[in-house]
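One-letter residues, chain by chain:
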Amino acid sequence: MLSFFIALIIAFVIGMLVRGAIRKGKKSSTSNTATPPPQNPTAPSKPAAFCPQCGQPSSGDSAFCSSCGAKL
Ligand SMILES: [Zn+2]
């Protein structure tokens with residue numbers, strides 16, 4: 001009779017542990033879906049432009065190359 005109670009308590013404890021693990025997993029999954037990581041936070045709005053004359057990278061705002069002065 002005592003062993004039956006011990007088995008019942010062990011089964012109850014295991015059930016609580018499994019339930020807690022499932023709840024914890026659901027909580028972490030929901031938190032991940034709630035706050036998705038931003039994609040390319042440091043990506044520039046404009047692609048890098050290169051001078052067709054000298055090949056130097058220039059900023060997208062400038063209309064002329066800062067290295068050779070060619071029109072971009
Ligand atoms: Zn240039």
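Thresholds, definitions, all that
Every chain begins its residue count from 1, and numbering advances along the sequence as written. Two thresholds apply to this predicted model, a pLDDT of at least 70 for residue-level local features and 80 or more for giving and counting side-chain atom pairs, whereas whole-chain, interface and lining totals are computed over all residues. By definition, any uninterrupted DSSP run of H or I lasting at least four residues is a helix, any uninterrupted run of E lasting at least two residues is a strand, and each is numbered from the N terminus. Residue burial is a threshold on neighbouring C-beta atoms within 10 Å of the residue's own C-beta, all placed from the backbone, with 20 or more meaning buried, 12 or fewer meaning exposed, and counts in between meaning partly exposed. Two residues form a contact once the distance between their C-beta atoms, set from the backbone, is within 7 Å. pLDDT is defined as a per-residue confidence score from the predictor, taking values between 0 and 100.

1. Points about the overall build of the protein
In step 1: From N to C terminus, the protein includes 1 helix and 2 strands.
In step 2: In sequence order, the protein lays out its α and β elements as α-β-β.
In step 3: Across the 72 residues of the protein, 1% fall into the buried class.
In step 4: The contacts in the protein between residues at least 6 apart in sequence include a share of 0% that link residues at least 24 apart.

2. Let's talk about the confidence of the model for the protein
In step 1: Overall, the predicted model of the protein reaches an average pLDDT of 76, with 74% of residues at or above 70.
In step 2: Averaged pLDDT values over the elements of the protein bottom out at 73 in helix α1 (residues 2-34) and peak at 86 in strand β2 (residues 57-58).

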